[in-house]
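Survey of secondary and tertiary structure
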Amino acid sequence: MRLPASLSFSYAVQAADLLPVGGQAASCAPAGGEAAGLVSSKTSGPSFLDVGFSQKLVMERRVKRLRRQVWAGGHLQRFGAPNGVRENVWFVTLTYRGVHDWQPRHISKCLKAARRWCHLRGVPFRYLWVAELQQRGALHYHLAIWLPKRLQLPMFDKQGWWPHGMTQRVIAKNAVGYLMKYLSKISPFHQFPKGVRLYGLGGLTQQARSICSWLNLPSWCKQRFGVGELQTMAGRRVVRATGEILEAMYRRVFHPSGMRLYPNGPLPARWSDGPYSSIDCAALHAGSS
């Protein structure tokens, strides 16, 4: 069963994070482990891929992954709601008093307190947050929380969950759209504090988590395997059904400004249907954690 059309974004959005550079065309039929319901299509393969290590390029790749995960995770949260339960999505802004007040565990302690509040009321804690830099240079967080309409989310600062500054909270009509709007402001030149996480999410169903994990796979894995067909063990990709350990697709050659990746063989054909084509929509509702 396919997901609603609103969730089926183009596979081009999930294409390689690395930019191909020149070369001869190469294509082949995927060799085993293909996801049911997906249709392969021919594609050309580069002779090599250039990967730059400059701060700007690293940040570009990081922001691209961030936007992809937030978009998918936010829309998939709707499947964590128990059947028949009407929900509000609360949009919370967490602001620091000082420009340099950020510490690594502030957001995790805040979320832990909110999770405890939800647990005491018998509801799962389903959330998504992103970090943003204000014009004054201070970091702040935008947080979306899915709750039944019968519950009203308290003010985080008044509860003592966020003692580092001010908080605001409103019921959002389009929480994912708001988060994506803030993400559109992030540029490769933003100087986030060292070690800061740019986003976080929780409370997804198992199927939804599998989709998000699939989106983080290297492109050549996504072109051969469907959602949930691979697992990562000791840094290697393993096919769940057979136990096969996948050989690296590229040979790495390092140079002062980055590295160049040369394919070890023909690149797999690209799937045209993307990550949602073989997902059982009903299974997405089977409980959240």
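Placed above this text is the structure.
Since the structure is predicted, the reported quantities are computational estimates derived from the model, not experimental observations.

1. Looking at the packing of aromatic side chains
- A full pass over the atoms with the stated rule returns nine aromatic pairs.
- A centroid spacing of 5.5 Å and a plane angle of 55° characterise the contact between Phe91 and Tyr178, whose relative ring orientation is tilted. Highlighted residues: Phe91 in strand E4 (residues 87-95) and Tyr178 in helix H3 (residues 175-183), separated in sequence by 87 residues.
- Phe91 gets classed as buried once you look at its relative accessible area, which sits at 7%.

2. So, the nonpolar core
- Core analysis: the biggest nonpolar cluster contains 47 residues, and Tyr141, Phe156 and Phe192 have the highest contact counts within it.
- Residues contacting Phe156, with those up to four places away along its chain left out, are Val92, Leu94, Cys110, Ala114, Leu143, Ile145, Trp161, Trp162 and Thr167.

3. A look at the pattern of salt bridges
- What the rule picks out here adds up to three salt bridges.
- Across the salt bridge formed by Glu60 and Lys56, the nearest N and O atoms sit 2.7 Å from each other. Here the residue Glu60 and the residue Lys56 both occupy positions in helix H1 (residues 55-76), the gap between them amounting to four residues, near one helical turn.
- Taking relative accessible area as the criterion, Glu60 reaches 33% and is therefore assigned partly exposed.
- On the basis of relative accessibility, which here comes to 35%, the residue Lys56 falls in the partly exposed class.
- The shortest N-O distance in the salt bridge between Glu87 and Arg126 comes to 2.4 Å.

4. Digging into the sheet that holds strand E6 (residues 139-148)
- With antiparallel pairing, five strands are arranged side by side in an open sheet as E7-E4-E6-E5-E8. Since the sheet does not close on itself, it has two edges, and those belong to strand E7 (167-172) and strand E8 (199-202), each with one partner. Going from strand to strand, the sheet's axes swing by 15° on average, the running direction of each strand aside.
- Direction of pairing for E4 relative to E6: antiparallel, over a ladder of nine bridges. Within E6, the position partnered with Leu94 by the bridge is Tyr141.
- Along the sheet face, H3 touches E4, strand E5 (126-133), E6 and E7 and points at about 30° away from the line of E4.

Calculation criteria
- Residues numbered from 1 in each chain as written.
- Predicted model: local features only at pLDDT ≥ 70, side-chain atom pairs only at ≥ 80, totals over all residues.
- Heavy atoms only, no water.
- Phe/Tyr/Trp six-rings, centres within 6.5 Å; stacked < 30°, edge-to-face > 60°.
- Helix = DSSP H or I, 4+ residues; strand = E, 2+ residues; numbered from the N terminus.
- Buried < 20%, exposed > 50% of the residue type's maximum accessible area, 1.4 Å probe, protein only.
- Core = buried A, V, L, I, M, F, W, Y, C linked by side-chain atoms within 4.5 Å.
- Contact = heavy atoms within 4.5 Å.
- Salt bridge = Lys/Arg side-chain N within 4 Å of Asp/Glu carboxyl O.
- Pairing = 2+ DSSP bridges.
- Axes fitted to C-alpha atoms, helices over the stretch in contact; angles between N-to-C directions.

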